[in-house]
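The chain contents come next:
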Amino acid sequence: MSESEQLREIVTRAFRHSPYLHEKWSAAGTVPEPWSSEVFERLPFMTKDDLRRGYPDGLLAVDWRDVAVVHESSGTTGQPTSSFFTAEDIDEWLDRMLLNGVGLGAEDVVLVKTPYSMLSTAHQMHGAAQRAGAAVIPAGNRTELMPYSRVLRLLRDYRASVAYCMPIELMLFARRALSEGLTPATDFPALRAAVVNGEMLSDAKRRFLEELWSIRLFPDYGSTETTSLGGACAFGTMHLWSDRFRFEVYDAARGTCAQRGTGELVVTSYHRRAMPIVRYRMGDIVTVSDASCPCGSARPQVRVHGRAADLFRVGERDLFPIDVEDTVYGPLLGCEPVFWTGSVDGDRLELSLESTDSGTAEVASRADAVGEALAERLGLRAEIRIVAPGTQMTLDRRAEQEAMFKPVYLHTGRAEGRGLEYTGSR
Ligand SMILES: [Zn+2]
């Protein structure tokens, strides 16, 4: 089926069977019947707000008897959004997850350390790893049943070869390992890679974590609503799964969409049946390009810069928290785990760096180099504080809240004592 025919099918089905989209598109005066490719380009965007308003099942486009699973995500507002999948949807999603360059196989043992509770993240790796013939260790995350001491035991005793988690978790595993007298790079010889998602990951932090653990990192990019949209190839380049989704890059200032360039990513799934995803604004600013990759893939490359709301200006430049992270970790390569938080006000950055008992002196000795890099690369005047272990990242807070907060590294305005706002398990 051609791309246009795939689009026509998914859009027509959405219009006929999703009550919410039928009403929304009708109200906007843009209906996909009769079909033309120009109609597609005039369809109003779907946003997270639509998912909230459509709760619980206004966006469902199949009979409940055909629904295989319901997932939810909830952000800081706590307002839930539903995501439905049929058995066919799950089949396609697991197949897509295996496009990641980590190359899972029967010899792999995969520790899944993302939340199983309502989000899709853990389930997608759990199912994909099993499909590849690998063994799964279903650890989960944000649960008091999985303290970091237990994570380390599972990694070591079952000789896990791949960890699936947020990048911050690799920092936390390492901190716990060091506190037990273990060296991450040498005391986990079976561990070869980590597939990471759920938060930003700069190139420098990726190298930092790869060296800390002596493994390779393979980012996956997606959301509970869409599941995986792209992932790293064997050469470490992030590609979009462009044979599964139509991707557009939205320039909010001009109100135009393009296939390539920098702007907000807009996605349309060619396959999703239970809950059609049609021109869904991800809220992430990305750069999509056709730069060539040694892997030979024709899939476009993507760089994820961050949420549009997190953009801040220094002088004439637009910066994202990931630019700060990328600059901070460069001079810290080879150190023990480092957590950072900052608050930015104009060109002034208050930066806190936190390491381990044994790593604090080394991080302190490199603080000047971090400050110089921030000034040279980003034009930021940094005041750097080295804080005691446990100041901004504690492992022993109880995970009582319903929302799955992500770490907040960079605050605008003063952020004294706010820490990473990330609740790990013990
Ligand atoms: Zn590639």
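Values in this document were obtained by computation on a predicted structure and should not be read as measured data. (Residues numbered from 1 in each chain as written. Predicted model: local features only at pLDDT ≥ 70, side-chain atom pairs only at ≥ 80, totals over all residues. Heavy atoms only, no water.)

Engineer: Help me understand the coordination of the zinc ion in this model?
Structural biologist: Angles at a metal have ideal values that depend on geometry: 109.5 degrees with four tetrahedral donors, 90 or 180 degrees with six octahedral donors. Donor atoms from the polypeptide that coordinate the zinc ion comprise Cys233 (SG), His239 (NE2), Cys293 (SG) and Cys295 (SG), at 2.1 to 2.3 Å from the metal. One way to put it: the four donor atoms around the zinc ion meet at angles of 104 to 115°, and that makes the site tetrahedral. When the donors of the zinc ion are listed by position in the chain, the intervening gaps give C-x5-H-x53-C-x1-C. Assigned by exposure class, Cys233 and His239 land together as buried. (Donors = N, O, S within 2.8 Å, 3.2 Å for Na, K, Ca; no water. Tetrahedral: all angles 85-135°; square planar, octahedral: opposite > 155°, others 65-115°. Buried < 20%, exposed > 50% of the residue type's maximum accessible area, 1.4 Å probe, protein only.)

Engineer: I would appreciate a short explanation of the side chain of Thr86 in the present structure.
Structural biologist: Mapped onto the elements of the fold, Thr86 is located in the loop between strand E2 (80-85) and helix H5 (87-97). The class for Thr86 is buried, based on a relative accessible area of 2%. If we skip the residues at most four places from it in the chain, Thr86 touches Val62, Asp66, Ala68, Arg273 and Ala274. (Helix = DSSP H or I, 4+ residues; strand = E, 2+ residues; numbered from the N terminus. Contact = heavy atoms within 4.5 Å.)

Engineer: Whenever I open this one, the packing of aromatic side chains confuses me. Can you help?
Structural biologist: The geometry of two aromatic rings is summed up by the distance between their centres and the angle between their planes. This model, assessed by the stated rule, comprises nine aromatic pairs. The interplanar angle of 50° and the centroid separation of 4.6 Å between the aromatic rings of Phe85 and Trp93 together place this pair among those described as tilted. Classification of Phe85 by relative accessible area gives buried; the value is 1%. When its relative accessible area of 2% is taken as the criterion, Trp93 is described as buried. Here Trp340 and Tyr409 contribute two aromatic rings whose centre-to-centre distance is 5.3 Å and whose plane-to-plane angle is 20°, an arrangement assigned as stacked. Highlighted residues: Trp340 in strand E17 (residues 339-345) and Tyr409 in the loop between strand E19 (381-387) and strand E20 (410-412), separated in sequence by 69 residues. (Phe/Tyr/Trp six-rings, centres within 6.5 Å; stacked < 30°, edge-to-face > 60°.)

Engineer: Can you help me understand the confidence of the model for the protein in this one?
Structural biologist: Predicted coordinates in areas of low pLDDT are best not read in detail. Per-chain confidence: the protein averages 93 in pLDDT, with 94% of residues scoring 70 or above. Counting interchain partners and residues more than four positions distant, the pLDDT-below-50 stretch residues 397-402 has 10 contacts. (pLDDT = per-residue confidence, 0-100.)

Engineer: Just checking my understanding: could you explain the pairing of strand E3 (residues 109-112) for this structure?
Structural biologist: Here is the key point about a regular strand: its side chains alternate between the two faces of the sheet. Burial along E3 is two-sided: the residues Val109 and Leu111 and Val110 and Val112 are all buried. Direction of pairing for E3 relative to strand E4 (residues 135-138): parallel, over a ladder of four bridges. By the bridge assignment, Leu111 is partnered in E4 with Ile137. With respect to chirality, the unit in which E3 leads through helix H6 (residues 121-131) into the neighbouring parallel E4 is right-handed. Across three bridges, E3 lies against strand E5 (residues 162-165) in parallel orientation. By the bridge assignment, Leu111 is partnered in E5 with Ala163. (Pairing = 2+ DSSP bridges. Right-handed = clockwise from strand over helix to strand, strands pointing away.)

Engineer: Explanation requested: the nonpolar core in the structure shown.
Structural biologist: A general feature of soluble globular proteins is that nonpolar side chains tend to end up buried together. Among the nonpolar cores identified, the biggest contains 59 residues, and Phe173 and Val324 are the most heavily contacted of them. Of the residues forming this core, the biggest block, seven residues, is contributed by helix H8 (residues 167-179). Counting contributing residues per domain, this core is built from domain 2 (90-232) and domain 3 (311-412), each supplying no fewer than three. Dropping the residues within four chain positions of it, Val324 is found in contact with Phe312, Trp340, Leu349, Leu374, Leu378, Leu380 and Leu410. Ranked by size, the runner-up nonpolar core spans 37 residues in total, among them Ala14, Leu229, Phe245 and Ala274. (Core = buried A, V, L, I, M, F, W, Y, C linked by side-chain atoms within 4.5 Å. Domains from an automatic or database assignment.)

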